Amino acid sequence: MFTHHHAFTQRPLLEKNTANNALLHHLLCPRHRNHRNRIFGGKVVTSQKMDEIARFISERENCDVTKQTSCGSSQWASFRKYETADEGKKFFVKLSRKDDSMFRGEKAGLEALREAGSPLMVVPKVFYAGGVPDGFRDGNSMIIMEHLNFGARGDQGEFGTALAKMHAAKIDGAEEFGFEVNNTIGETPQKNVPMTKDWETFWVESRLLPQLKMSRDNELQRLGDEVIEKRVPEMFKGLNIKPSILHGDLWSGNIGTVDGKPSIFDPAVYYGHHEADFGMSWCAGFSPAFFEAYWSVIEKDEGGFEERKIMYQLYHILNHYNMFGGGYRSQAMGMLKQLL
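Residues numbered from 1 in each chain as written. Predicted model: local features only at pLDDT ≥ 70, side-chain atom pairs only at ≥ 80, totals over all residues. Heavy atoms only, no water.

Visitor: Got a sec to walk through the pairing of strand E3 (residues 78-84)? Specific residues and values, please.
Guide: Within E3, six of the seven residues are buried, which leaves it mostly tucked inside the rest of the structure. When strand E2 (residues 65-73) meets E3, the two strands line up antiparallel, connected through six bridges. Directly across from Lys 67, in E3, lies its bridge partner Glu 83. Between E2 and E3, which pair antiparallel in sequence order, lie four residues. Here E3 folds back onto strand E4 (residues 90-96), and the loop between the two strands holds five residues. (Buried < 20%, exposed > 50% of the residue type's maximum accessible area, 1.4 Å probe, protein only. Helix = DSSP H or I, 4+ residues; strand = E, 2+ residues; numbered from the N terminus. Pairing = 2+ DSSP bridges.)

Visitor: Tell me about the packing of aromatic side chains, residues and numbers included.
Guide: Within the structure shown, the criterion is met by 26 aromatic pairs. Ring centres of Trp 295 and Phe 305 lie 5.6 Å apart, and the angle between their planes is 85°; on these two criteria the pair is classed as edge-to-face. Taken together, the residues Trp 295 in helix H8 (residues 288-297) and Phe 305 in helix H9 (residues 305-324) connect sequence positions ten residues apart. Judged by its relative accessible area of 17%, Trp 295 is buried. Connected via pairs of aromatic rings, a cluster forms that spans Phe 159, Phe 278, Phe 286, Phe 290, Phe 291, Tyr 294, Trp 295 and Phe 305. (Phe/Tyr/Trp six-rings, centres within 6.5 Å; stacked < 30°, edge-to-face > 60°.)

Visitor: Describe the side chain of Arg 308, and please don't skip the residues or the numbers.
Guide: The topology assignment puts Arg 308 in helix H9. Of note is the side chain of Arg 308, whose polar atom sits 2.7 Å from the side chain of Glu 275. Residues within four places of Arg 308 in sequence aside, it is in contact with Met 235, Phe 236, Leu 239, His 273, Glu 275, Asp 301 and Gly 303. (Polar contact = N/O pair within 3.5 Å; in protein donor to acceptor, adjacent residues only side chain to side chain. Contact = heavy atoms within 4.5 Å.)

Visitor: Which residues make up the pairing of strand E10 (residues 255-258), and what values do they have?
Guide: Along E10, one buried face is formed by Ile 255 and Thr 257 and the opposite face, lined by Gly 256 and Val 258, is buried too. Pairing of E10 with strand E11 (residues 261-264), which is carried by four bridges, proceeds in the antiparallel orientation. By the bridge assignment for E11, Gly 256 is matched with Ser 263. Counting the residues between successive antiparallel strands, the hairpin from E10 to E11 contains two residues, one of them, Asp 259, with a positive phi of roughly 55°.

Below is the structure:
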């Protein structure tokens, strides 16, 4: 069983001309490995001297923090674990030198997922998201959540059922597409506000267009505009799309189990078309058992599904290009031409 918390895992990188990124893709994408690898963190360092965060947790949660452990970092955050005198109570903290908007968005998303996914899906409980305590010098913002012991992927059929029931859950106030706050997809800002009643409008204006504009690539933007004008309206024709709570970044590194139950974490949450949560399926390792279980709960809209799948994947490929560059551009170009 993996005993570290989820946020160590990195998303796959595909800069094909860079040896390091080729290695990362080999390690992280489930087409090569079927479990999560912790490769960025370096060595785990345990300190007996309590920092300001340990004191913050002790006071806020009325507990006695006895050990803190530095657990490495990602491109946009660093991680620490705090253990208490109560053996079963541990906290996981992510830190950033940016402002607290990213973590406040993550907190809101995790809380929405917990409400919709319970009791079949395990989602980390969040205790705090905001600025760091006075005197702390290793970051400007943080999120504190429960530390969970994650296991491997587990039964894909169970995960498919749990995800579908989460997507199908009726949530008070979730009548429009978007989310109550903007958040991030990786380290990229993800626009969720203003919410809208029309899914096509939201997908174009809040997902595809921002990524195309961010690319600053005239050819990508030209082809993207053509797909939006000529093909996107046809993809949604005749569908009755209702807002579902979406994880938003559902790849293998953000999926696991806790005590054998399906678990998801590190989300980019919003209310959207349930099929959009398959946008990272190119690196999620979903099996036939997963889809069989999922479609047994939510009926599959066969007409145009394969085209919509490419379009939903396109958003994530564009985001990876904007974050990492390299071979993702040719993938995005190929997908746009395929849609045309």
